[in-house]
Amino acid sequence: MIKAILIFNNHGKPRLIRFYQYFAEDMQQQIIRETFHLVSKRDDNVCNFLEGGSLIGGSDYKLIYRHYATLYFVFCVDSSESELGILDLIQVFVETLDKCFENVCELDLIFHMDKVHYILQEVVMGGMVLETNMNEIVAQVEVQNRLEKSEGGLSAAPARAVSAVKNMNLPEIPRNINIGDINIKVPSLSPF
Amino acid sequence: MALKIVKGSIDRMFDKNLQDLVRGIRNHKEDEAKYISTCIDEIKQELKQDNIAVKANAVCKLTYLQMLGYDVSWAAFNIVEVMSSSKFTYKRIGYLAASQCFHESTDVIMLTTNQIRKDLSSPNQYDTGVALTGLSCFVTPDLARDLANDIMTLMSHTKPYIRKKAVLIMYKVFLKYPESLRPAFPRLKEKLEDPDPGVQSAAVNVICELARRNPKNYLSLAPLFFKLMTSSTNNWVLIKIIKLFGALTPLEPRLGKKLIEPLTNLIHSTSAMSLLYECVNTVIAVLISLSSGMPNHSASIQLCVQKLRILIEDSDQNLKYLGLLAMSKILKTHPKSVQSHKDLILQCLDDKDESIRLRALDLLYGMVSKKNLMEIVKKLMLHVDKAEGTTYRDELLTKIIDICSQSNYQYITNFEWYISILVELTRLEGTRHGHLIASQMLDVAIRVKAIRAFAVAQMATLLDNAHLLTGNTQRNGICEVLYAAAWICGEFSEHLENPMQTLEAMLRPKVATLPGHIQAVYVQNSAKLFATVLKSQEGDTDSTTTQEASQLMIDRLPLFVQSANLEVQERASCILQLVKYIQKLQQKDVEVAEEVCALFAGELNPVAPKAQKKVPVPEGLDLDAWINEPPSESESEDEQPKAIFTKEEPKHSRPRHTEVDEKELARRREARKQEQANNPFYIKASPSSQKVYQDTSGVEHIPVVQIDLSVPLKVPGGLPMSDQYVKLEEERRQKVRAEKKKKEKKKRKEKRSGRGRKHDSGPESEEDIAPAHMVDIVTEEMPENALPSDDDERDPSDPHKALDIDLDKPLADNEKLPVRSHRAVEAQKSPVEDGERENAASQEPKKKSSKDKKEKKKDKDRDRKKSKEEKKKKKHKHEEKEEDLLGGQMEEPVVQSEETSEVAALPTSSSAEEVATVAAAEAAPAPGAPSVTAPDSEPDEPKDTEMEPKSSKHKKKKQKKEKEDKEKKKKKHHHHHRHSDAGGEESVQNGTVEEEEPLPPMSNYCLLAENSYIKMMKEDADEVCDIQGNLQDGSQVVVSVIFENKCESFLKSMEFNVLDSLNSKLQRPEGSGPHDGLVVPFQLPPGVSNEARFVFTVQSIVMPQKLKGTLTFIVKNEDSSTHEKLDFKLHFTCTSYLITTPCYSDAFAKLLESGDLKSSSIRLEGVNMPFHHLLARICFHHHFSVVERIDSCASMYSRSIQGHHVCLLVKTSAQTVSIDAKCDEPTLLGNVLDEIKQTFSQC
């Protein structure tokens, strides 16, 4: 069984967390910190297995991780999983990400955490390995993306809303306009 | 409404989506928390909107924030809303959020059961997939029980994508609901041979997980797996199977023998390192299981070790690590074959990778022997010096101690060497393991009597140089060593060469800076030393030394008397007064030494850690029996103390026996011994343990250790101490060897003599190395009649324990999974139930034939009917059982467990919980109970007339069913209100069809209408109160209707329409007229059923409502398509607007006194049922809760969704029941009473 899958960057910022056993949010953050602490101080040329991690697991559990550029992919697994098998699985997962995002980089994971989750869901389910064949995984992800597109996706609603506004003269101007996006261009501005 | 939605969309336009949120957070690095809190406020606003897209977007953002550590459980209900969206996009977002933040105690989970069930049976495989994925993360025991059957059905889905997910999730279901394992197992086993490799792999995965925990139940699958292993080419599957065999072989050595060959072949042939490694691992497991009887596998061992060596020598650190890991497994049974690779392993100690060094250390532990212990430890000591980073150094330190102390110091031949190693270890800077070293010192000094003199000398030096240890870093653990040193010097002070000097060292002012517990030991042991000094000077004419000693004590002790530590202070002031008194006596030249020594007399023996646990329970003592009357159930506040107890337990359960006050122990033991001696009934210990209780005068009886004088107690300086001992030991061994040879030459025919040592002839093996001391390792004390070992008890909280289920036993009647009625068609396929159907069929040939006569339909149709009839038959059986059960349970929920064996476990437990719910009822809007008008069976086709006699019986059943439904409902849907009705009128062809599945106590559905094409089952509709929880607002009634296609054709374009009344209206989408029908959002292939939900708004609830409706649809055959329609009536009763609401008797009394309520009453004659049944029925059917019950009189309470209070006083005498009722709305009351009357007139 896989107990948790953590992806964080070289600074320990979580990019995806997926626990297959319940931990409260603060505990999850502690686990991330501890795991980062354990993993980050290891050279790249040492082995990818790690015992310990007092918060998650216990003696039966191992951390198996891979380090790609700026990201750590860490799987916490128990003894029923093959160590080398999980290493392969991480590779499969990353290659799948690469296919789905076309040259995946950390930014993809930052801005599309949900999509990464959906891809992961096709690889691991409830802590058990669901599929290891990359083509099959990519195919299923793509069908679902198409399905989402056919529904108009999450972003379709505002588009419809815009057209609705154009066709309609509402006497009332929406009051709480939140111009959050301006902040992105001018980072020094404090939020309104 | 339209405006509201549009307005929502406009707001939406300016909302952030996930990307904007992330960007925003990245741009607010300096005040991230503040920024996020404003975002959360926005999200809260968005969640209040009606637009589902806005909500989904908000939930998506919450999922992101959850990752950053924000608790988002407050939005759980909104997540459920998004989950239940009909759009895949939103549904997926909802399920993702749920899987990230729901857990067993999330209370809204119970609202999701129906939604998930609906998604599982969705025609869109990705809806099903998303639901399965989500469910795998938050499945609870309730969900597992309710959905087990649905998931099991999905295991035979046509799409492999769903099959593999369904198979995997079964594992989670088993964990949460172990009863499902046996019924589901046959199908799971089938999946091992599924044509799709993904499904096969999933099945292997699940069975491996199951078998890992309870291997013996899966032994019978071994041949199947063996076949798979030899045929499969999928490495994933192979690895899993091979791992599984690793778990199975210890139980069945014959399996192991069979495995060796194919595994060896795989080892030779495979190129995949992962597979190779697992093969080696399993071969090792096989060899371990065979190791007892079969010596002929050395070739296999050699192969494994050889392959592992290749792995260890590989440049890939991962392989190196795994090689070492596997090596350690071989080590346990075949240490010799590993020991030959010692060089390689020692080499790994120098590896730059800590994981590898740690693994190598593990191996060393098993590789030591008497011969190489010193050498290995010497190497490790070198590493200790070199090691950077305290963690690794600490690890080394513990390993050294572990290696040396393993199996009762088995490999230590020279304890002086060991003590000096320990002393050297104290020089480590910053170690946390001072207490470990201390406990070793104490242990060795106490248990190895021969070493005491040496140990005391070493400890005296340590004490003298204590400043080196404490130095600057007082906080680190190493000063713990002084605790041991002080105690050893005090306790065995007779061995001290210069007690005065040590006494002086122990009373230095610097000592006052040590931790309190160490100071306390110092003070106490200075007193012991003082006694020794007195004793040594006894009889001496010159009393200066003794006087000096007492003066020293009197000078130095006041410092400790002022200590802030209580223990130190108390001991110091006691001893100070004692010494002052002694000084007085000394001045009078009174001999006191003996008396003072008597203070500290007594021998200490170590107590085994488990001694306490092993004290046998005396006969006739029942520890579980109550001493006093048990506290009554009502004040069951005992949860709390329980929790405290278990929390604290771990602390006590691992006593650090070395640090327990030894003196205190001795005193207790002394007291116990006295008591036992005086107790004529005490059975004296057996001779062997008698020794343990020797009093001081009997010390001579303890085997005395001979000290080998060949080892000088003083060693020349220069080298570090331990190294010198290594050298000396070498020399000694050589000498011994030479001596032995000489002896053997001389006295070849004579019997061996000597100093009582046993020497074996022949070349020196490691066993030959005689210890330098005849070491008497005092065994740990155990109580008399110690119980046999009870070590490896399994953790009772282990969830896998529940899955220890025999899978080979045939399924019993009561083991079927709960089935919902509308699943009937699918359930028929279940292999589990097929057998029984056949039985039922054979029992009823007569009816079948009579029916056949009248059947004008095709053969296929007949088949279907047949099965229905069988179903019904089965139901008869079950019903009887359940009736009894319900009756019994109402009153005494506690007794239920006994009945489980007879009846399906599920109904039992659900009704149990139901009772609990009513009793403990919560403030949340509780479920209402439906009232149901029995379907008027109007057989409109002549062929059905013969079924009429059954209809009365049938009605009864119907009610029965409903009762069960309600049970279920109440439990599940706290938030939902239920509502009900059943109006089977149009074209009810045949009574039997209406009947629901036998088993399903869970079914909520009743027949609405049916014709030859379609059957509509209506769920006792859930009434969802306004989401904001405002009961005063009008409420929505959600009616779930299951459409089942009964014909051979395809049904499409279904439209559901209801003629609105003034009071109740069907909610239609915006823009459609008041008479437009609602399009049912699916089509029905033959034999398929699906569920749709329709929302009604109800204004006044005081009167029951009937709504007429029509369903139109197109029947499509291969060649033609026809328009058909089906009429039905929806019936909303008044009691269905009631919500079971708890009420306390004081509030109830106040309500009655208030005088705002109108009263009314009814009498029911000829009610022939126990009073508690009667109450239960009212509770079930009419949503009341019992406030108070006294004998044959009870007060009950309920509340309507619009806040009307309804109070009942129910009295019974003989067969007459009188109900006095009060309510603030007389019309509602009248209707409710009518409905109650009707309920009882039907029974």
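If you check an unreviewed UniProt entry, chain A appears there as AP complex mu/sigma subunit domain-containing protein from Perca flavescens. In its Sequence similarities (unreviewed entry) section, the UniProt entry covering chain A states "Belongs to the adaptor complexes small subunit family."

What follows concerns the overall build of chain B. Secondary structure assignment for chain B yields 49 helices and 17 strands. Across the 1243 residues of chain B, 54% fall into the buried class. For chain B, the exposed area adds up to about 56300 Å²; of that, 52% sits on carbon and sulfur atoms.

Before going further, it helps to spend a moment on the interface of chain B and chain A. Each partner contributes to the interface: chain B provides 81 residues, whereas chain A provides 80 residues. Considering only the side of chain B, the residues that lose the most area to chain A are B:M67, B:R92 and B:W236, jointly responsible for 10% of the buried surface there. Between B:R212 and A:D78 there is a salt bridge; the shortest N-O distance is 2.8 Å. In this assembly, chain B and chain A are joined by 33 residue pairs in polar contact (both at pLDDT 80 or more). Of the residues in the side of chain B that touches chain A, the class split is 36 nonpolar, 21 polar and 24 charged.

This brings us to the confidence of the model for chain B. Residues and elements named next belong to chain B. Predicted confidence across chain B gives a mean pLDDT of 72, with 67% of residues reaching 70 or more. A low-confidence stretch, residues 682–719 (pLDDT under 50), is modelled with 56 contacts involving residues beyond four sequence positions or located in other chains. Here the predicted complex scores 0.55 on pTM and 0.84 on ipTM.

Quick look at the pattern of salt bridges now. Evaluated as defined, the whole model comprises 41 salt bridges over all chains. A salt bridge links B:K165 to A:E122; its shortest N-O distance comes to 3.6 Å. Within this pair, whereas B:K165 is found in helix α10 (residues 160–176), its partner A:E122 is found in helix α4 (residues 113–123), the two belonging to separate chains. Taking the relative accessible area as the measure of exposure, B:K165 reaches 1% and is therefore buried. Residue classification places A:E122 among the buried positions, given a relative accessible area of 5%. A salt bridge links B:K91 to B:D119, with the shortest nitrogen-to-oxygen separation between them at 2.7 Å. In this pair, B:K91 sits in helix α6 (residues 88–101) while B:D119 sits in helix α7 (residues 113–120), placing the two residues 28 residues apart along the sequence. On the basis of relative accessible area, B:K91 is assigned to the buried category, the value being 3%.

Residue and element names in this part refer to chain B. With respect to topology, four strands assemble into an open sheet ordered β8-β6-β10-β11, the strand pairing being antiparallel. Single-partner strands in this sheet number two, and they are β8 (1078–1079) and β11 (1121–1132). As paired elements, strand β6 (residues 1050–1058) and strand β10 (residues 1105–1116) share seven bridges and run antiparallel to each other. Paired with F1050 across the strands is K1116, a residue of β10.

It is worth spelling out a nonpolar patch on the surface at this point. All names here are of chain B. Where nonpolar side chains cluster on the molecular surface, the patch consists of V617, L621 and L623 and spans about 290 Å² of accessible area. By the secondary structure assignment, L621 is in the loop between α34 (611–614) and α35 (639–653). The exposure class of L621 is partly exposed, given its relative accessible area of 45%.

Negative charge collects at one region of the surface, where B:E538, B:D589, B:E591, B:E594 and B:E595 lie side by side. Structurally, B:D589 is set in the loop between α32 (566–587) and α33 (593–599).

Mapped onto the secondary structure, B:D394 falls in helix α23 (residues 390–409). Once residues lying within four places of it in the same chain are set aside, the contact partners of B:D394 are B:T431, B:R432 and B:H433.

Okay, the packing of aromatic side chains next. Summed over all chains, the structure comprises 16 aromatic pairs over all chains. Residues B:W487 and B:F492 carry aromatic rings whose centres are separated by 5.9 Å and whose planes lie at 90 degrees to one another, so their mutual orientation is edge-to-face. On the accessibility criterion, B:W487 (6% relative accessible area) is buried. A relative accessible area of 6% means that B:F492 is categorised as buried. Each residue in the set A:F8, A:F36, A:Y65 and A:Y72 is aromatic and connected to the rest through ring pairs, giving one cluster. Its end group placed over the ring of A:Y61, A:K3 keeps NZ or CZ at 4.2 Å from the ring centre. Geometry around A:Y20 places A:R18 over its ring, the cationic atom sitting 5.2 Å from the centre.

All names here are of chain A. The buried count for strand β5 (residues 71–77) comes to seven of seven residues, which makes it a mostly enclosed element. Neither face of β5 is exposed, since L71, F73, F75 and V77 on one face and Y72, V74 and C76 on the opposite face are all buried. Bridging between strand β1 (residues 2–9) and β5 involves seven bridges; their strand directions are antiparallel. Opposite N9, over in β5, you have L71 as the bridge partner. Pairing of strand β4 (residues 62–68) with β5, which is carried by seven bridges, proceeds in the antiparallel orientation. In the sheet register, Y65 faces β5, and the bridge partner there is V74. The hairpin turn running from β4 into β5, its antiparallel successor, is two residues long, and A69 in that turn takes a positive phi close to 45 degrees.

Glancing now at unusual backbone geometry. Residues and elements named next belong to chain A. A positive phi angle, close to 45 degrees, is found at A69, a residue other than glycine. Tracing the chain through its elements places A69 in the loop between β4 and β5. Residue classification places A69 among the exposed positions, given a relative accessible area of 69%. A positive phi angle, near 55 degrees, is found at E102, a position not held by glycine. Position of E102 among the secondary structure elements: in the loop between α2 (83–101) and α3 (106–111). The class for E102 is exposed, based on a relative accessible area of 64%.

All names here are of chain A. When pLDDT is averaged across chain A, the result is 79; 76% of the residues are at 70 or more. Looking over chain A, one finds the lowest element-wise mean pLDDT in helix α7 (residues 182–185), namely 30, and the highest in strand β6 (residues 124–125), namely 94. Taken together, the stretch residues 156–192 has pLDDT below 50 and engages in 32 contacts with residues farther than four places along the chain or on a different chain.

Definitions and limits used
- Residues numbered from 1 in each chain as written.
- Chains lettered and ligands numbered in written order.
- Predicted model: local features only at pLDDT ≥ 70, side-chain atom pairs only at ≥ 80, totals over all residues.
- Heavy atoms only, no water.
- UniProt positions renumbered as here; feature names shortened; annotations may be inferred.
- Helix = DSSP H or I, 4+ residues; strand = E, 2+ residues; numbered from the N terminus.
- Buried < 20%, exposed > 50% of the residue type's maximum accessible area, 1.4 Å probe, protein only.
- Areas by Shrake-Rupley, 256 points an atom, 1.4 Å probe, with all protein chains shown as cover.
- Contact = heavy atoms within 4.5 Å.
- Buried area = accessible area lost by both parts, 1.4 Å probe.
- Salt bridge = Lys/Arg side-chain N within 4 Å of Asp/Glu carboxyl O.
- Polar contact = N/O pair within 3.5 Å; in protein donor to acceptor, adjacent residues only side chain to side chain.
- Nonpolar A, V, L, I, M, F, W, Y, C, P; charged D, E, K, R; others polar.
- pLDDT = per-residue confidence, 0-100.
- Pairing = 2+ DSSP bridges.
- Patch = residues over 30% accessible without salt bridge, like charges linked within 9 Å, V, L, I, M, F, W, Y side chains within 5 Å.
- Lys, Arg positive; Asp, Glu negative; His and termini not counted.
- Charge placed at Lys NZ, Arg CZ, Asp CG, Glu CD.
- Phe/Tyr/Trp six-rings, centres within 6.5 Å; stacked < 30°, edge-to-face > 60°.
- Lys NZ or Arg CZ within 6 Å of the ring centre and 35° of its normal.

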